[in-house]
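Survey of secondary and tertiary structure
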Amino acid sequence: MSVTGFPAAGQKPAAGRRDPHPETVAVVAPHLARRPRTGGVSTTRWFTPWLLLAPALIWLLVFSIWPSLNTIRMSFTNAKPLGGAERFVGLRNFIDILGDDQVVGALLNSVVFMVVCLPLLTILPLFIALLVEKKLPGIAFFRTAFYTPVIASAVVVALIWTFMLDDRGLVNGLAEALGILKEPLPFLTDRWLIIISAVSLVVWKGLGYYMIIYLAALGNVGRDLHEAAAMDGAGAFRRFLVVTLPAVRGAMLLIAILVCIAALRVFSEVYVMTGGTGGAGGEAMTMVMLIQQYSRGFTGDLGYASALSILMFFVTLVPMLILARINSRSDA
Amino acid sequence: MSIATARRSRAFGRMGPGERISRYALLILVLLVSIGPFLWQLSTSLKSTDEDIYTKIPQFWPSHPTLDNYARVMDAIPVWQFIGNSLFVAAFAVGGNVIFSTLAGFALSRLRFRGRRIVIGLFLATLILPGEATIIANYVTVRSVGLADTLLGVALPGMIATLNVLLMYNAFRGLPDAIDEAAVIDGANALQRFWNVSLPSVGGTVAVIAIFSFIGAWDDFLWPLIVLTSPDQFTLTIGLQYLSGTFSSDQRLIAAGSMIAFIPIAIVFAVLQRFFFKGVEEGGVKG
């Protein structure tokens, strides 16, 4: 590829990159007048864009669109992880799902996840963002540190929390030392405490991520708005209500939806905390854990796993539709 | 007038010492919550087997710091091989996403051609698919081409993420049209415009994509868990889960193992965080 520079123009990028006015180029490069015009931005040969798009399009087809169709197809079969003959079973998988206590339990767990995560992860990160927004000495360090849980693997984080939430671990130890608890709480074995433990882990790991989204939104708040409000005699709290909140409303909505979807997709945290079992009787399983469980081994069932995948897709669609609805209403 | 100015300077000039102190106090509190657990794990990984790690009053400082647990992890599982496997997968993810989503994003935003809107719509539409919903079918695809239980099978699907294509599309779209027109008048073809004119202006977003592709591949758990069965193919996260399943009674060992997985990624991020936050300002996160 000979793409090292502009063929004719010795002054190359400087003219094109920074200067938004094409007229200047004509002045700087008068030799262009002698060149035959090729006509606007569409000098490109027709296949150039498709060539550049080809890899991404192929990936989209092979790893997104085809698997979606294949999931639908497989959900009507009894395909097995270890291969073998595949039979059409009609709606059997879907009917089985309706009567599957584990699926009902997993959906219930998802709802609990959402209900607890939603307020915590839409509100706490906003306050943290307001805290790191001000340019104080060392603020870059704090921002980076607050983001650290986001970059760590869910497996690592879950192992750390498993140790901290152990019967003899840090949390129970501290709580007993401070006299808050008489006996250790079974964070990792009780059916509901497992979910609550996983929620706290997900919240802790998500704070930094949503903080960044708020930080980007706060960057768009005009300083003069704050000043104007202050001059009108608005205190810090009032300024937060009338200036900051309206400015981050869009980000807050986005985050609310992202949190809902993330709650429905939880896997690694619960998997690692329960050693892959989902607690006693698998009652603390999540939807994705069920899908994973049916994807492997002699007892696996890809048809059933596909039907579960479709159910999961429709469940995650709900918060997205709500977002679309709210968005279209606020535009009107 | 002077009252207004005074109030203004109180609110927006230097913050008072009271506010400064309370801000730092809160910052330190959040700091303890966010990195405390990592430090606790680090401390545990450095405690010798003679030391009780379940003391009633937590001991944050190891009484006899030792790297012994790290050596034991390396005896228990082939850590270097797992790291190599994870790096192999991450290299595909970073290379594929940086190169191909940049090319595709450029074509979608800076070139005019028939069908462009349809392609953009197609990319947008697949965004609503949660990856977990197609993971079974993706496994079937990978298995059908003989890549089940291989690292290539783990690496391949993540090489070009739709979201990254759209992030690049967004970044390129933010550049003024005039820079293209100027380059066209200069006689630059599409590739030259891509390389010399557009690409240098979206470095922040490229950096965000590179960082996140690496982190995503290094941290991924579910997909390699589904694809891989042989221990010699395990990535580090799978190896870690295997370690904790086998040595669940020895928290020092697990602590050391999790630090081995965490420290490299922490270093990568600490070194590159400048680019990351710059990319965020460029709009690389909001998508």
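Reading the values: the criteria
Residues numbered from 1 in each chain as written. Chains lettered and ligands numbered in written order. Predicted model: local features only at pLDDT ≥ 70, side-chain atom pairs only at ≥ 80, totals over all residues. Helix = DSSP H or I, 4+ residues; strand = E, 2+ residues; numbered from the N terminus. Buried ≥ 20, exposed ≤ 12 C-beta atoms within 10 Å, placed from the backbone. Contact = placed C-beta atoms within 7 Å. Axes fitted to C-alpha atoms, helices over the stretch in contact; angles between N-to-C directions. Parallel < 35°, antiparallel > 145°, perpendicular 65-115°, else oblique. pLDDT = per-residue confidence, 0-100. Core = buried A, V, L, I, M, F, W, Y, C linked by C-beta atoms within 7 Å. Domains from an automatic or database assignment.

The secondary structure content of chain A amounts to 14 helices and zero strands. In chain A, the succession of α and β elements from N to C terminus is α-α-α-α-α-α-α-α-α-α-α-α-α-α. Out of the 332 residues belonging to chain A, those deemed buried represent 40%. Pairs at least 24 apart in sequence give 66% of the contacts found in chain A among residues at least 6 apart.

It is worth spelling out the interface of chain B and chain A at this point. Think of interface size as the accessible area that goes away when the parts come together; that is how it is often given. Contacts between the two partners involve 100 residues from chain B and, on the opposite side, 99 residues from chain A. Counting residues per element, the side of chain B that touches chain A draws most heavily on helix α14 (residues 251–282) of chain B, at 14 residues.

Looking now at the packing of helix α7 (residues 154–164) of chain A against helix α2 (residues 17–45) of chain B. Between α7 of chain A and α2 of chain B, whose axes approach to 10 Å, the crossing angle comes to 75°. Regarding the angle of α7 of chain A to α2 of chain B, the classification is roughly perpendicular. Residue-level inspection shows Ile-160, Trp-161, Phe-163 and Met-164 of chain A of α7 of chain A in contact with α2 of chain B, the latter providing Pro-37, Phe-38, Trp-40, Gln-41 and Thr-44 of chain B.

So, on to the environment of Val-119 of chain B. Relative to the helices and strands, Val-119 of chain B is located in helix α5 (residues 116–127). Each C-alpha atom, one on Val-119 of chain B and one on Leu-108 of chain B, is 8.1 Å from the other, the two residues being 11 residues apart in sequence. Among residues more than four places away in sequence, those in contact with Val-119 of chain B are Leu-53 of chain A together with Leu-108 of chain B.

Residues and elements named next belong to chain B. Of the residues in chain B, 93% have a pLDDT of 70 or more, and the chain-wide mean is 87. Averaged pLDDT values for the elements of chain B fall to 47 in helix α1 (residues 2–12) and rise to 96 in helix α7 (residues 151–155). A low-confidence stretch, residues 1–11 (pLDDT under 50), is modelled with seven contacts involving residues beyond four sequence positions or located in other chains.

Residues Tyr-214 and Leu-308 of chain A are the most contacted members of the largest nonpolar core, which totals 160 residues. Broken down by element, this core gets its largest block of residues, 15 residues, from helix α9 (residues 191–218) of chain A. Split by domain, this core shows at least three residues from each of two domains, domain 1 (2–66) and domain 2 (72–282) of chain B. Those residues in contact with Tyr-214 of chain A, other than ones at most four positions away along the chain, are Pro-125, Leu-126, Ala-129, Val-248 and Ala-251 of chain A. Within the second largest apolar cluster, seven residues are counted, among which are Ile-179, Val-184, Ile-185 and Val-197 of chain B.

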